[in-house]
Amino acid sequence: MKTFKSHIKDTFTSELPADPIAGSDRRQVEKACFSYVNPKLTKNPKLLHVSTEMLTNLGISEAESQSKEFLNVFTGNQVLPNTKPFAMCYGGHQFGNWAGQLGDGRAINLTEVNYKNQHWALQLKGAGETPYSRTADGLAVLRSSIREYLCSEAMFHLGIPTTRALSLSVTGDQVLRDVMYNGNSEYEEGAIVCRVAPSFLRFGSFEILAAREDTTTLKTLTDYTITHFYPELGAPSKETYLAFFKVVSERTLKMIIDWQRVGFVHGVMNTDNLSILGLTIDYGPYGWLEGFDFGWTPNTTDRQHKRYRYGNQPNIGLWNLYQLANALYPLIEDVESLQAILDEYKSDFETQSLQMMRSKIGLFQAEESDLKLIQDLEDVLHMMETDMTIAFRNLSKFEKDKPSNGLGIIQEAFYNPDALTDEIKTVWNNWFVKYADRLQKETLTDEERASKMNEVNPKYVLRNYMAQLAIDDAEKGDYALIDELFQLLKNPYSEQEASQKWFAKRPEWARNKVGCSMLSCSS
Ligand code: AMP
Ligand code: MG
């Protein structure tokens, strides 16, 4: 890994205040942003998959990725020369309540590299205990690691801001987990994902310092973040801090609008799981909408209140930004300006969400009646269980002069065709007539519109049951499906003749299966 190693230079993080104590003893870490700690040694590591694109991004050749050194470094058994692995301190609001210090409880940053003008931090998830592990073991299991590995790369190829993944390995160690939190603990295979991002800083990284009234470190961290990750904002000042909050707000909104577009439900939008760079981060009990349903959440821990349900994600983004505004307040001391930015989030959401939904149904001019047309579509999608991905993808086949063919196009998305009553049929047909009318005002031909719609409505997403099939196989030692899905999801908007079977509704066996429609935070 010659090139890679030569690009490990002065890492940005070393500019931040470090915890004077090293090692993994649990502790409250004050006046510091991170603690030095080495990954745990693993017993019998094996590399299951690498992302060739991430290899290229980091200057590692494919041959090098098959070396003993690569395996050892990315499973915790070898620390690269001139590097000092570390875990970061952060806090967070979990399910609406301040939880105090959280931190990288099982993520250990190996190092940072600068390659081709791009800065990357490399982090092992599941690499053992840190000062922030609280009562847990610092490890990760295979099922959740496969889910993170596949989904983060899939999101990237959907064009959605996200952390990336370099490698997926098993450790050869056993990890005890109680999947459904019902007292049935079992040993599972340990695994490690190497995740990669310009920075893993979260809203919670700032909140913890504000909560401790440590304005000095808060200022250091904010200046650092702006200097390295938002240099276009200029030298730190009150105005710059406000501009910083504004961009974070814009990026967060953009990310969430993208989630809404493809039906991604994060599942645990706690403030410690919101990236300061507006990246999708911490793939836990996330899920993809099957039936289009604003009320759906995959996370069983959230079953009661459904705080993080699909339709609530934009609101939660705003709620989390309020917490970030509070955290940055000591540096800005200007309530009105912060409030104005939060208000803009709300109005920008209305505009951008409408624009996004317009693009999903192929409207490229703006008409006042569009909002109503879109709401009517959302209503009819809720009338019976209708697959979101298939419905929107098939809608591109609609011909503006043949509204009566609409139902035939959409019905492939119905989970229970027998539930199609005359009433629902009429609602759909009325909608298709209005839609056809509206399309007459557009200038594009049916073909042109279809190809534009297919750029925003993916054909293939990582359906919950698809990830679970890959997990079931992997737990039996067969890793072929991991690669098949990985390759498929590199081109989510393209027709892939050989992969038509993945453009299908969730099979009935997966409806109520743990890992498919129901996921806990156990990972
Ligand atoms: P999450 O809900 O997965 O984002 O995690 C919340 C907090 O718990 C973070 O500080 C994690 O680092 C920590 N955490 C989650 N799982 C573990 C684990 N197995 N060992 C140690 N810390 C963990
Ligand atoms: Mg987290």
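Before reading on, note that the structure itself is shown above.
Here is what the cut-offs are and how they apply
Residues numbered from 1 in each chain as written. Chains lettered and ligands numbered in written order. Predicted model: local features only at pLDDT ≥ 70, side-chain atom pairs only at ≥ 80, totals over all residues. Heavy atoms only, no water. 1 Å grid on protein atoms, 1.4 Å probe; cavity = no way out; pocket = protein on both sides within 12 Å on 5 of 7 lines; lining within 4 Å. Points joined across faces, edges and corners; volume = space filled by probe spheres on them. Helix = DSSP H or I, 4+ residues; strand = E, 2+ residues; numbered from the N terminus. Nonpolar A, V, L, I, M, F, W, Y, C, P; charged D, E, K, R; others polar. Salt bridge = Lys/Arg side-chain N within 4 Å of Asp/Glu carboxyl O. Buried < 20%, exposed > 50% of the residue type's maximum accessible area, 1.4 Å probe, protein only. Near = heavy atom within 4 Å. Polar contact = N/O pair within 3.5 Å; in protein donor to acceptor, adjacent residues only side chain to side chain. Areas by Shrake-Rupley, 256 points an atom, 1.4 Å probe, with all protein chains shown as cover. Sits in = over half its atoms within 2 Å of the grid points. Axes fitted to C-alpha atoms, helices over the stretch in contact; angles between N-to-C directions. Parallel < 35°, antiparallel > 145°, perpendicular 65-115°, else oblique. Contact = heavy atoms within 4.5 Å. Left-handed = near helix turned anticlockwise from the far one by under 90°. Donors = N, O, S within 2.8 Å, 3.2 Å for Na, K, Ca; no water.

A. Spatial organisation of the layout of surface pockets. What the largest pocket holds in volume is close to 1,100 Å³. Taken together, 42 residues form the lining of the largest pocket, with Q94, R106, R134, C521 and S523 sitting closest to its centre. Those elements that place two or more of their residues in the lining of the largest pocket are β7 (118-125), α5 (142-157), β8 (164-177) and β9 (186-197). Examining the composition of the lining of the largest pocket, we find that 3 residues originate from one element, α5, more than from any other. A class-by-class count of the residues in the lining of the largest pocket yields 15 nonpolar, 15 polar and 12 charged.

B. Spotlight on the pattern of salt bridges. Taken as a whole and assessed by the stated rule, the structure comprises 35 salt bridges. The partner of K246 in a salt bridge is E250, and the shortest N-O contact between them spans 3.4 Å. One end of the pair, K246, and the other, E250, are both in helix α8 (residues 238-262), 4 residues apart, so they sit about a helical turn from each other. Note that K441 and E367 form a salt bridge whose closest N and O atoms lie 3.9 Å from each other. Placement of K441 in the loop between α14 (422-439) and α15 (446-453) and of E367 in the loop between α10 (335-360) and α11 (370-383) is noted, with a sequence separation of 74 residues between them. The partly exposed category is assigned to K441, whose relative accessible area is 48%. Salt bridges sharing partners connect three or more residues here, namely K125, E148, R195, R202 and D282.

C. How the structure looks around the site of ligand 1. Every one of the 17 residues lining ligand 1 counts as a neighbour, but G103, G105, R134, G138 and N273 are closest to it. With respect to ligand 1, the backbone of G138 contributes an N or O atom lying 2.8 Å from a nitrogen atom. Contact with the protein chains removes 82% of the 480 Å² of surface that ligand 1 exposes when unbound. At a threshold of 2 Å from the grid points, most atoms of ligand 1 map onto the largest pocket.

D. Seen up close, the packing of helix α16 (residues 464-475) against helix α17 (residues 480-488). Closest axis-to-axis distance for the α16/α17 pair is 8 Å, and the angle between their directions is 150 degrees. Classified by the angle their axes make, α16 and α17 are roughly antiparallel. Across the interface between the two elements, M466, A467, L469, A470, D473 and A474 from α16 touch L481, I482, L485 and L488 from α17. Looking at the contact of α16 with α17 residue by residue, the class counts come to 9 nonpolar, no polar and 1 charged.

E. Representation of the packing of α10 against α11 within the structure. Contact geometry for α10 and α11: axes closest at 10 Å, N-to-C directions at 70 degrees. The orientation of α10 with respect to α11, classified from their angle, is roughly perpendicular. The two elements α10 and α11 cross, and the hand of that crossing is left-handed. Along the contact surface, α10 presents L354, M357 and R358, while α11 presents D370, L371, I374 and E378. Of the residues contributing to the contact of α10 with α11, the split by class is 4 nonpolar, no polar and 3 charged.

F. Region of the structure containing the coordination of the magnesium ion (ligand 2). Around the magnesium ion (ligand 2), the protein contributes the donor atoms N273 (OD1) and D282 (OD), at 2.0 to 2.2 Å from the metal centre. There is no split in this pair, since N273 and D282 are both buried.

G. Quick look at the side chain of H49. Mapped onto the fold, H49 is located in strand β2 (residues 46-50). Of note is the side chain of H49, whose polar atom sits 2.7 Å from the side chain of D483.

H. Quick look at empty space enclosed by the protein. Tallied over the entire structure, the rule returns 5 cavities of 30 Å³ or more. Approximately 80 Å³ is the volume found for the largest cavity. For the lining of the largest cavity, the secondary-structure elements that each account for two or more residues are β3 (86-88), β6 (107-115), β7 and α7 (215-229). Of the residues assigned to the lining of the largest cavity, the class counts are 8 nonpolar, 4 polar and 1 charged. Lining the second largest cavity are 13 residues, with T42, G126, L139, T171 and D173 positioned closest to its centre. At the level of secondary structure, the elements contributing two or more residues to the lining of the second largest cavity comprise β8 and β9. The element best represented in the lining of the second largest cavity is β8, accounting for 3 residues. Residue classes in the lining of the second largest cavity are distributed as 6 nonpolar, 5 polar and 2 charged.

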